[in-house]
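Listed below, chain by chain, are the residues.
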Amino acid sequence: MDEILRWNSSQNGVYYMYLPRDSTWTPQIVLLNSATEVLGIDTGNQIEESIILASNGKVLYTVNGLAITKCYADIFYYPFDQHDCTLDILSPLDKEHMVLKSIEFDFYFLPTNSKEWTIIDILKENTTHKFSAVFDHNRVIFTVRFKRKPEFLILNILIPIIALGLTNPLVFVLPESSGERVSLAVTNLLTMVFFLNLVADSLPRSSDPISMLNISIMIQIGNSIFILIFTILTIIISDKTVKNDPVPNALKNLLMRIAIRKIKKNAVGSEGCEMENQTLGRCGKSISGEGDHENSTGKEKAKTPDWITWEYISNMTNKACLRMFLLLIIGNWLSYVIFICWPSIVK
């Protein structure tokens, strides 16, 4: 308010007027966290700017311009991330000569053409900044809070990655005779690498923090590598079945002990004895006689069940790999969902 610029509006009926900006003094503000070398706010052509002068001496100067600021992105929850970007405005004059503060008023968000971001709120804070031991300068910090629109990324990145991960272990269901197991595993692996590069290209080059989606995709790539290794292993076992190679006795004994422990865990009593005897391929032995079996002669040790063949080992390996990798992949993406939803649960 400038008392010198007052006039009696009842005499001439003029309550306010528009004047050029350079016709009176206007305050200067500085953007401390500017991303460019220019600390001021670019308002365009200052000659065409105007101020509104009221009859009571009040002067309204509206700064409409472009402010380029730098913000630190927190991409841990990408593509469900939310960011706070600050506009740190400072008065170059000390607070004894110029008072700069924000007032309470409602913000109205104009419709924007942004297809990626949504403004949630604008926060404001009044504070001071000391450049020296004598002068204090007023400082106003505006915090713009906005979040990403995740629908596009969910449909084009997240859902395909999860679906691809769940179909990856199905290579163990594919018959070995088809000859397409390795090619399918390699294709899935390369596709996961492609999606990882796609996500990395859309994120800032920052390692603090790393996106949870990046971590989940890396785990998925690790699973794909192990799936490829076990796929080659099952093909080698299947080839031994075709060649009718004998199964080593050490491997037979190991598989037999695993089968016995599984039977003991799932069955007790006489029914368990009968199932164990069928597993061993012989009669007249009870569960309590396991110690006698371990202390038997070398001739008895050499007697191993005939049902342990390379075909049985191949089928068992395929089933175990299918269940194991499905559990790992489901656990990986469940962990991702829990991490993403945890802030909402806490609130």
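This write-up is about the structure you can find in this document. Everything numeric here is computed off the predicted structure, so don't read it as measured data.

Calculation criteria
Residues numbered from 1 in each chain as written. Predicted model: local features only at pLDDT ≥ 70, side-chain atom pairs only at ≥ 80, totals over all residues. Heavy atoms only, no water. Pairing = 2+ DSSP bridges. Helix = DSSP H or I, 4+ residues; strand = E, 2+ residues; numbered from the N terminus. Salt bridge = Lys/Arg side-chain N within 4 Å of Asp/Glu carboxyl O. Buried < 20%, exposed > 50% of the residue type's maximum accessible area, 1.4 Å probe, protein only. Disulfide = S-S within 2.5 Å. Patch = residues over 30% accessible without salt bridge, like charges linked within 9 Å, V, L, I, M, F, W, Y side chains within 5 Å. Areas by Shrake-Rupley, 256 points an atom, 1.4 Å probe, with all protein chains shown as cover.

### Points about the sheet that holds strand β6 (residues 117-130)
The strand order across the open sheet built from four strands is β2-β5-β7-β6, with neighbouring strands paired in antiparallel fashion. Because the sheet does not close on itself, it has two edges, and the strands there are β2 (30-31) and β6. With 13 bridges joining them, β6 and strand β7 (residues 136-148) adopt antiparallel strand pairing. Of the residues in β7, the one forming a bridge with K130 is D136.

### Some details on the pattern of salt bridges
One pass over the structure, following the stated rule, counts four salt bridges. Between R148 and D81 there is a salt bridge, and its shortest N-O distance comes to 2.7 Å. Of this pair, R148 sits in strand β7 while D81 sits in the loop between β4 (59-60) and β5 (82-90), and the two are 67 residues apart along the sequence. The same class applies to R148 as to D81, namely buried. By sharing partners, the salt bridges in this structure join D81, E116 and R148 into a single network.

### Some thoughts on the state of the cysteines
Per the stated rule, a full pass over the model turns up one disulfide. Note that C71 is cross-linked by a disulfide to C85, the S-S spacing being 1.6 Å. Highlighted residues: C71 in the loop between β4 and β5 and C85 in strand β5, separated in sequence by 14 residues.

### Observations regarding the pairing of β5
Bridging between β2 and β5 involves two bridges; their strand directions are antiparallel. By the bridge assignment for β5, V30 is matched with L90. With nine bridges connecting them, β5 and β7 associate as antiparallel partners. In the sheet register, L90 faces β7, and the bridge partner there is R139.

### So, a nonpolar patch on the surface
A cluster of nonpolar side chains, namely Y15, Y16 and Y18, defines an oily patch on the protein surface of about 420 Å² accessible area. Taking the relative accessible area as the measure of exposure, Y15 reaches 54% and is therefore exposed.

### Some remarks on the sheet that holds strand β3 (residues 50-54)
Pairing within the open sheet is antiparallel, and its three strands lie in the order β1-β3-β4. At either end of the open sheet lies a strand with only one pairing partner, and these are β1 (16-20) and β4. Of the strand pairs in this sheet, β1 and β3 are connected by five bridges, and their pairing is antiparallel. Within β3, the residue paired with Y16 across the bridge is A54.

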